[in-house]
Amino acid sequence: MCGIIAYSGNRSATPILLNGLRKLEYRGYDSAGIAIHSDNTIHIYKQEGKVENLVQSLGNYEEDPTHEAGHVGIAHTRWATHGPPTTANAHPHGAGQDGVNRIALVHNGIIENYRDLKLKLEGEGCVFLSDTDSEVLSFLIDSHYKDDLAKAVSAALKEVQGTFGIACLAKAEPHKMVVARRGSPIVIGLGEDETIVASDASAIISHTRQVIYLDDNDVAIIEGGKVDIRTLDARPVKRETSDIDWSEDAAEKGGYDHYMLKEIYEQPTAIRNSIRGRVDLDKGTAVLAGLGLEPREIVDIQRLLIIGCGTSMNAGLVGEYATEDFAGMLSEVEQAAEFRYRNPIVGSKDMVVAISQSGETADTLAAVREAQEKGALVAGLVNVVGSTIARETGRGIYLHAGPEISVASTKAFTCQVSVLLMIALKFARSRRLSREAGIQIAKEIHRLPELVEEVLKQNDHIAKIAEDFTNYTSMFYIGRGYLFPVALEGALKIKEISYIHAEAYHAAELKHGPIALLEESMPVVALLNEGPGKEKTLGNVEECRARKSPVLGVITEGDEDAKANCDWYIEVPKSPQYTATITSTVALQLFSYHVARLKGCPIDQPRNLAKSVTVE
Ligand code: M6R
C-alpha cells in the first residue's frame, strides 16, 4: 500500500528520501515522487513505475545545488486507488496558483468526501491536475492557508471524511513540515537535530530506533529535531517515545533471492520467539500475561470470536477449531469486513481476538472498534509493535515474528497459529482440560520449531515437484477439520504469488459441485496428515484420480498408504493435526514459492497486492 517518508534536519533530504522510498517498495506501489523545499521554492519530482525511474529522472542530484540545499522534504510511493497509476496521479501533490506550489502533500488513505470538496474548490477557481482524492486535500489545505501550515492542516482535516496519514510542506515556511494521521499510520523517528517520518518503521530504522507513533487526529509540527504534537484543536499532547526492538538486518534479504524465502526459513526462529516464556510445560498451560485475564475471568467468557482478513483469518480458523477441541468452548471466526458491516451479535460475555500481522488493516481495525462499542473484551494478536490495532486493543499478544516484508504472509501465519494454540490451551486449562492432557499439548507446541526445521529440509524435493506445476492454470486444495484452513492458506498463497487460480474446499464438499471440474488439467492438493478424517480424504483423493486429476498429497512421514494414492507427495513429520497445520502450511509455502519462481513471477511484490491494506 502507499508509503510515506519525510525528512527535516541539517542533511540534504533527497538521498534520505530516495533510500526511504526503496525501503517502502515492499508494500506494493505503482509510482513514486518527492518534494523538497529549497531556494524558497517547493520542487516536486514524480514518475510512474519504480523508484529507480524516479532516481534516473533526477540525474546527478547529488551535485545539484537545489538538492544539496533542500533540507526538508516529503516523498511517497503510490498504490492507485483514485485514478490510474500515472505520473500526474503520483504524489506529492502541489497546490497553488500559476504553477507555483504554495503547498505540497503526500497522503495515504482515502478521502471519502473528495467529490463534494472538489466541486466546492473548483467553484473557488482551483484547477486540478490529477484524478486523485489526495490532490483535493492539498488544495483544501491551501484554501485555509494564511501564514501557519499547522492551522491550515487542522482546519482542512476537520472538513475531511475518511482516512489519512499525511506529510506536507508550505512554501512560506521553509524549515517546517506538518504530519497528521487518522486511520493510516505515521511513525516519527527522532534523530539528533533531525526527524524522519514514515508510514512504517522499516524506512526509519537505519536512522534511529527512537520513535513516536501518532494517534488518530494528532497533528505534529516538525522543524529539524523539534517535534510538537497537538490535537486537531491545537491542544498540545504528549505521546510516548518507544524503541524499535528489531535490527536493520531483520528487514534485509540476507543472501536470499526473495524476502518470502527468507521469511519461510526464519520460521523456526520466529515460532521460537512467539512461544518463548509462554508455554508452561510443568503446568501444561500457557502464560499469556498480555491478555490481562485472571483464570476466573476466562471462565466467564462464553465465546471466543476471532476476526481477521486473508492469511490472518485462515490462522483464525485453526484457532476456532483448537478452542472448541481443547476447551470445549464456543468459538467462531469471521472475516473482519463482514463482521463490521453486519449488526454482529457480540457483547460483554464474548472475547474478540483481532488478528493482524500489520496491525493496520482497515477492515480489522473497524471490526475492533465495533466489538468494543458493543462491550466485548477485545484483544489484539499483532506482529507490528505499536501498530494501531495493538494500541487500540490495549491488551493482546505480540507475535514477535520480526518484520515481515514479503507481501505474501508466511511467518506471520505460523506464529499466529502457534499463539492461537496457546490461547486455546490456556482457555482449556481454565476449564475442563486435565493437567496431563495440557502437558501433552504444551509439549507439542514446544517442539514446533524443530518440526518446521525438518520440513525446510524438503526444499529441494518440493522445488522439483514445483517444476511439474508451472503450466497448470487452475488447482483445487482439499482438507478436513484442522487441515481445511491449511487448504485455504495453500490456495491463497499459490494464487497470490504464482497467479494460478486455486480454490480450497472442505474435502467432503468436493462432490457437491466442484467435482464437475475435475479432469487431467485440474490438479488437486490434498492435506492427508494422519489423524481424524484422513481415511475419508483419501477416499476423496481416489475420486479425484478416477477423474484423471493428478494429486499432490501433503502426508505424514512414512505413510505408505497415502504415498501409494498420490502422484506426488511431500512428507511432514508425525504430529497431531493441530500442529500439522503449521508443518503442512510451511510445505505449501515452499511449493507456492518455487512454482512462482519457476514462472518468473515478482514474488515479493505480486501484481495488484499491497502488504498492508489500509483502505476498505
Ligand atoms: O496485516 P494483516 O494480517 O491484517 O493482513 C491481512 C491480509 O491482508 C493479509 O494476510 C493478506 O491476505 C496477505 N497478503 C496474505 O499473504
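Computed from a predicted model, the values in this text were never measured in an experiment.

About the criteria used
- Residues numbered from 1 in each chain as written.
- Predicted model: local features only at pLDDT ≥ 70, side-chain atom pairs only at ≥ 80, totals over all residues.
- Heavy atoms only, no water.
- Helix = DSSP H or I, 4+ residues; strand = E, 2+ residues; numbered from the N terminus.
- Rg over C-alpha atoms; globule rule 2.2 N^0.38 Å.
- Buried < 20%, exposed > 50% of the residue type's maximum accessible area, 1.4 Å probe, protein only.
- Contact = heavy atoms within 4.5 Å.
- Areas by Shrake-Rupley, 256 points an atom, 1.4 Å probe, with all protein chains shown as cover.
- Core = buried A, V, L, I, M, F, W, Y, C linked by side-chain atoms within 4.5 Å.
- Domains from an automatic or database assignment.
- Buried area = accessible area lost by both parts, 1.4 Å probe.
- Polar contact = N/O pair within 3.5 Å; in protein donor to acceptor, adjacent residues only side chain to side chain.
- Nonpolar A, V, L, I, M, F, W, Y, C, P; charged D, E, K, R; others polar.
- Pairing = 2+ DSSP bridges.
- Arc of directions from axis to C-beta.
- Near = heavy atom within 4 Å.
- Phe/Tyr/Trp six-rings, centres within 6.5 Å; stacked < 30°, edge-to-face > 60°.
- Lys NZ or Arg CZ within 6 Å of the ring centre and 35° of its normal.
- Salt bridge = Lys/Arg side-chain N within 4 Å of Asp/Glu carboxyl O.
- Axes fitted to C-alpha atoms, helices over the stretch in contact; angles between N-to-C directions.

Another point: the overall build of the chain. The secondary structure content of the chain amounts to 21 helices and 26 strands. Computed over C-alpha atoms, the radius of gyration of the chain comes to 26 Å, within 12% of the 25 Å expected from 2.2 N^0.38 for 616 residues, which places it in the range of a compact globule. Within the span of the chain, comprising 616 residues, buried residues form 62% of the whole. Long-range pairs, those at least 24 residues apart, make up 71% of the contacts in the chain between residues at least 6 apart in sequence. Working note: accessible area of the chain is about 23,100 Å², and carbon and sulfur atoms make up 47% of it.

In terms of nonpolar packing, the biggest core is built from 91 residues, with Phe 326, Phe 427, Tyr 477 and Phe 591 touching the most fellow members. Taken together, domain 2 (254-446) and domain 3 (455-603) each give at least three residues to this core, which thus spans both. Counting residues in each nonpolar core, the second largest holds 33 residues, with Ile 16, Leu 24, Ile 205 and Tyr 259 among its members.

The next subject is the side chain of His 258. Residue placement: His 258 occurs in the loop between strand 14 (242-243) and helix 7 (259-265). The exposure class of His 258 is buried, given its relative accessible area of 19%.

Below, the discussion takes up the domain arrangement of the chain. By a frequent convention, interface size equals the accessible area lost on bringing the separate parts together. Under the domain assignment used here, the chain contains domain 1 (3-244), domain 2 (254-446) and domain 3 (455-603). Domain 2 and domain 3 are separated by 25 Å when their C-alpha centres are compared. At the interface, 32 residues of domain 2 touch 25 residues of domain 3. When domain 2 packs against domain 3, the two sides together hide about 2,300 Å² of surface, and 70% of this comes from carbon and sulfur. Across the contact surface, domain 2 and domain 3 share nine residue pairs in polar contact (both at pLDDT 80 or more). For the side of domain 2 that touches domain 3, the secondary structure elements donating two or more residues are helix 7, helix 8 (267-275), helix 10 (310-327), helix 14 (411-429) and helix 15 (435-446). Counting residues per element, the side of domain 2 that touches domain 3 draws most heavily on helix 10, which supplies nine residues. Partitioned by chemical class, the residues of the side of domain 2 that touches domain 3 number 18 nonpolar, 11 polar and three charged.

Burial runs high along strand 7 (residues 164-170): seven of the seven residues are buried. Of the two faces of strand 7, the one lined by Phe 164, Ile 166, Cys 168 and Ala 170 and the one lined by Gly 165, Ala 167 and Leu 169 are each fully buried. Pairing geometry for strand 6 (residues 100-108) and strand 7, over six bridges, is antiparallel. When the sheet's bridge partners are listed, Val 106 is paired in strand 7 with Ala 167. Pairing between strand 7 and strand 8 (residues 177-182): five bridges, direction antiparallel. Of the residues in strand 8, the one forming a bridge with Cys 168 is Val 178. Hairpin connection between strand 7 and strand 8: a loop of six residues separates the two successive antiparallel strands.

Along helix 4 (residues 114-123), the positions that sit buried rather than exposed are Tyr 114, Leu 117, Lys 118 and Leu 121. An end-on view of helix 4 places all buried positions within 100° of arc, on one side of the element. Turned more than 90 degrees away from the buried face of helix 4 sit Arg 115, Asp 116, Leu 119 and Gly 123, all of them exposed. Buried positions along helix 4 lie against helix 5 (133-144) and helix 6 (149-159). Backbone geometry just after helix 4 places Gly 125 at a positive phi near 105°.

Near the ligand you find 13 residues, and of these Ser 312, Ser 356, Ser 358, Thr 361 and Glu 496 are the closest. Between the ligand and Thr 361 there is a distance of 2.4 Å, counted from an oxygen atom to a side-chain nitrogen or oxygen. Surface burial for the ligand is 92%, taken as the share of its 410 Å² of free accessible area covered by protein chains. Elements represented by at least two residues in the shell around the ligand include exactly helix 10 and helix 18 (483-498).

All told, the structure shown has nine aromatic pairs when counted by the stated rule. Summarising the aromatic geometry, the rings of Phe 469 and Tyr 472 are spaced 5.4 Å apart at their centres and angled 55° between planes, so their arrangement reads as tilted. Relative accessible area serves as the criterion here: at 17%, Tyr 472 is assigned to the buried category. Cation over ring: Lys 118 sits above Phe 128, and NZ or CZ is 5.2 Å from the ring centre. Against the face of Tyr 499 rests Arg 607, its NZ or CZ located 3.8 Å from the ring centre.

Further remarks concern the pattern of salt bridges. Taken as a whole and assessed by the stated rule, the structure comprises 32 salt bridges. Where Glu 194 meets Arg 11, a salt bridge forms, and the shortest distance between an N and an O atom there is 2.9 Å. Here the residue Glu 194 occupies a position in the loop between strand 9 (187-190) and strand 10 (195-198), and Arg 11 occupies one in the loop between strand 1 (3-8) and helix 1 (13-24), the gap between them amounting to 183 residues. What makes Glu 194 buried here is its relative accessible area of 9%. Given the relative accessible area of 35%, Arg 11 is considered partly exposed. For the salt bridge of Glu 489 with Lys 493, the shortest nitrogen-to-oxygen distance reads 2.8 Å. With a gap of four residues between them, Glu 489 and Lys 493 both fall in helix 18, about one helical turn apart.

With that out of the way, let us pick up the sheet that holds strand 24 (residues 524-527). Judged by pairing direction, the sheet is parallel, and its five strands sit side by side in the order 23-22-24-25-26 without closing on themselves. Two strands close off the open sheet at either side, each with one partner strand: strand 23 (501-506) and strand 26 (568-572). Mean inter-strand twist for the sheet, computed between neighbouring axes without regard to direction, equals 20°. As paired elements, strand 22 (residues 474-479) and strand 23 share six bridges and run parallel to each other. Bridge pairing in strand 23 links Gly 479 to His 506. Its contacts with the sheet place helix 18 against strand 22, strand 23 and strand 24, and it is angled at close to 175° to strand 23.

Attention now moves to helix 16 (residues 448-456). Of all the positions in helix 16, only Leu 448, Pro 449, Leu 451, Val 452, Val 455 and Leu 456 are classed as buried. End-on, the buried residues of helix 16 take up no more than an arc of 160°, which puts them together on one face.

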